[in-house]
Amino acid sequence: MVRLRTPRMAITERRRIHARERVVSSPGWRGVLAASLGGVLAAAVGIGAGEVVAGASSSLRSPILDVGDRVVDRVPTWAKDLAIDWFGTNDKIALLVGIAVILTVYAAAVGIVGLRRSLRLGIAGIALFGVLGTLASLAARTGARLTSPLPSLVGSVVAAAALAWLARLPARSEQESPTPPHLTQRRRFLAQVGVLGVAAAALGSLGRRLEARFSAADSRAAITLPRPDLPAPAVPVGAQAEGAAALFTPNAEFYRIDTALTVPQVPAEGWELRVGGLVDRELRLSYDDLLSRSVEEHDITLTCVSNTIGGELIGTARWLGVRLDDLLAEAGVAPTADQVVGRSVDGYTCGFPVAALDGRDALVAVGMNGEPLPLEHGFPARLIVPGIYGYASATKWLTEIELTTFADFDHYWVPRGYAAEAPIKMQSRIDRPRGLDRIPAGPFVIGGVAWAQPTGIRAVELRIDDGAWIAADMAAEVNGSTWRQWSFAWDARPGRHTVEVRAIDNNGAIQTADRSEPLPDGASGHHTVVVLVDEV
Ligand SMILES: Nc1nc2c(c(=O)[nH]1)N[C@H]1C(S)=C(S)[C@@H](COP(=O)(O)O)O[C@H]1N2
Ligand SMILES: [Mo]
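Participant: I'd like to hear about the sheet that holds strand S13 (residues 442-451), residue by residue, with values.
Facilitator: The antiparallel open sheet is built from four strands, whose spatial order is S11-S13-S17-S16. Strand pairing shows two members of the sheet lacking a second neighbour, strand S11 (427-432) and strand S16 (473-474), which therefore form its edges. For S16 and strand S17 (residues 484-492), the ladder comprises two bridges, and the chain directions are antiparallel. Each bridged residue has a counterpart across the sheet, and for aspartate 473 the counterpart in S17 is serine 487.

Participant: Quick one: what's the story with the nonpolar core, residue by residue and with numbers?
Facilitator: Counting 78 residues, the largest nonpolar core has Tyr287, Trp319, Leu324, Phe352, Val364, Tyr391 and Ile401 as its most contacted members. Not counting residues up to four positions away in its chain, the partners in contact with phenylalanine 352 are Leu324, Asp338, Gln339, Val340, Leu357, Leu383, Val385, Ile388, Ala392, Ser393 and Phe406. Counting residues in each nonpolar core, the second largest holds 23 residues, with Ile439, Trp490, Ala503 and Val529 among its members.

Participant: Which residues make up the site of ligand 1, and what values do they have?
Facilitator: With respect to spatial proximity, 19 residues lie near ligand 1, and among them Tyr255, Thr259, His377, Arg382 and Lys396 are the closest. Contact between ligand 1 and isoleucine 257: an oxygen atom at 3.1 Å from a main-chain N or O atom of the residue. Starting from 530 Å² of accessible surface for ligand 1 in isolation, the protein chains cover 99%. Taken together, the residues of the shell around ligand 1 sort by class into nine nonpolar, five polar and five charged.

Participant: Which residues make up the environment of valine 32, and what values go with them?
Facilitator: With respect to the helices and strands, valine 32 occurs in helix H2 (residues 29-54). The spatial distance from the C-alpha of valine 32 to the C-alpha of arginine 141 is 40 Å, given a sequence separation of 109 residues. Ignoring sequence-local partners within four residues, the contact set of valine 32 consists of Ile112 and Arg116.

Participant: Before we move on, could you go through unusual backbone geometry and cite the residues and values that matter?
Facilitator: Going from arginine 432 to proline 433, the amide bond is cis rather than trans, its omega being 0 degrees. With respect to the helices and strands, proline 433 occurs in the loop between S11 and strand S12 (438-440). Residue proline 454 follows glutamine 453 across a cis peptide bond; omega there is -5 degrees. Topologically, proline 454 is positioned in the loop between S13 and strand S14 (457-464). Positive phi outside glycine occurs at tryptophan 397, with the angle close to 50 degrees. Position of tryptophan 397 among the secondary structure elements: in the loop between helix H13 (390-393) and strand S10 (398-404). On the accessibility criterion, tryptophan 397 (2% relative accessible area) is buried. One non-glycine residue, leucine 436, lies in positive phi territory at about 65 degrees. Tracing the backbone shows leucine 436 in the loop between S11 and S12.

Participant: Describe a nonpolar patch on the surface, naming the residues involved and giving the relevant values.
Facilitator: Taken together, the side chains of Trp78, Leu82, Trp86 and Phe87 define a hydrophobic patch exposed on the protein surface, amounting to about 510 Å² of accessible area. Positionally, phenylalanine 87 belongs in helix H4 (residues 77-87). Residue class for phenylalanine 87 comes out partly exposed when judged on its relative accessible area of 40%.

Thresholds, definitions, all that
- Residues numbered from 1 in each chain as written.
- Chains lettered and ligands numbered in written order.
- Predicted model: local features only at pLDDT ≥ 70, side-chain atom pairs only at ≥ 80, totals over all residues.
- Heavy atoms only, no water.
- Pairing = 2+ DSSP bridges.
- Helix = DSSP H or I, 4+ residues; strand = E, 2+ residues; numbered from the N terminus.
- Core = buried A, V, L, I, M, F, W, Y, C linked by side-chain atoms within 4.5 Å.
- Buried < 20%, exposed > 50% of the residue type's maximum accessible area, 1.4 Å probe, protein only.
- Contact = heavy atoms within 4.5 Å.
- Near = heavy atom within 4 Å.
- Polar contact = N/O pair within 3.5 Å; in protein donor to acceptor, adjacent residues only side chain to side chain.
- Areas by Shrake-Rupley, 256 points an atom, 1.4 Å probe, with all protein chains shown as cover.
- Nonpolar A, V, L, I, M, F, W, Y, C, P; charged D, E, K, R; others polar.
- Patch = residues over 30% accessible without salt bridge, like charges linked within 9 Å, V, L, I, M, F, W, Y side chains within 5 Å.
- Salt bridge = Lys/Arg side-chain N within 4 Å of Asp/Glu carboxyl O.

Written out as structure tokens, the structure is:
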């Protein structure tokens, strides 16, 4: 049978040939690379468009951050602990880099499929991502609005349009151009890549600029904190021990742990603190209302439940704020309430027993070491409760205090495996020497800190190798809720030595040697350091 070539078939044939001449569909790794680049750029333009839409209103969030937030909320607790262990306070950067890598690989695959196999399939790949972003935006902790999916939707439509533009067949005039087709095609592809690259950069920076309008930095800079009605007592002479960490942790060095991928921006103007739930009278306080009350200053050591033995997730600051027990007394706590819940603007919640407010200096804090709270540490207001791990007490970007019961409400980390009630365990840490330090033989001062908030530390003991426990020299006590410093004059003999520390609190309780992991209610066990002493 003879097959006739109809004119129509000839055109199809020609289109096929031209399609093969296109850079993105040329055989071999060059074509694959070009298609990947096309996919990544189409995604970048889509993400840029999403950022711009997110920048239109403070209630909208970038799709990347929305997805990241849901990862943070759902990641298994062991993985979160591992991330903190590996990356410390850089865990968020690690997550964002991880998301960027996955996204890049996915976008490259969409480019390869969409530009070399089927545009429809490529667009389906983008749509899948749009759906993911939409779902992420609808699952926001603080609740979703009708507009929440907009950044994802607009972003994926723009990415799909960019991919379709890259996939479009050459115009007829180009087909008839005298230049060899593959050269025209290369030029055309490079031009498209350039346009998409510029568009992505422009949209991205516009989005960022729009987002910057919501910054709370100006609000913070404009604040003058009131003088405390009750200033902190003078720090006793001799409270800082040689070899121990600084008694007060500078704000810039204070550890930061939270679930917020970007720091919530909460200007003090317009901020409101609600005290409600099982109370006689609901209170609503503006920032000025709060500061017009009696303001107190207290030195308090804050500790994270994820702090491992000898770890750095602990710091001491001079906090300025309003007494929480005074506020609750004014609201009138119902006798049925046994839990105080602190709710953040970002949906995070802490919870601790009403009974913990036993006269200890718990604050709705607005100041930290003489400054308004830094944005990362909860501006404009946060809770500080001595003796309770931060995850259960120290709500940053505080907006609501709710009186409820432990039976009725689980705070954020409880369904994720942490204990509902979380008193800080007594601990001690050797700050000098560091593990595996080499030091010369002879006199050497070992130094460190110990804490048992709000009871306070009475004594610290050291054991060198398998010797007896010997009392360290105690620095002056600031108060029971601040870590207490200690030092120990050691005559270091050559060789390899183990230094072990334990604390005794003001009630005479001795710090346990039993080791436990941070999960579910804080690490226990003695800090031990191995030191190498050189002959001189
Ligand atoms: N809104 C909010 N507040 C929060 C958290 C959080 O994730 N979100 N983390 C808590 C935890 S686990 C700790 S240890 C402290 C840490 O406070 P810092 O970052 O100021 O040191 O904040 C607490 N307050
Ligand atoms: Mo924490």
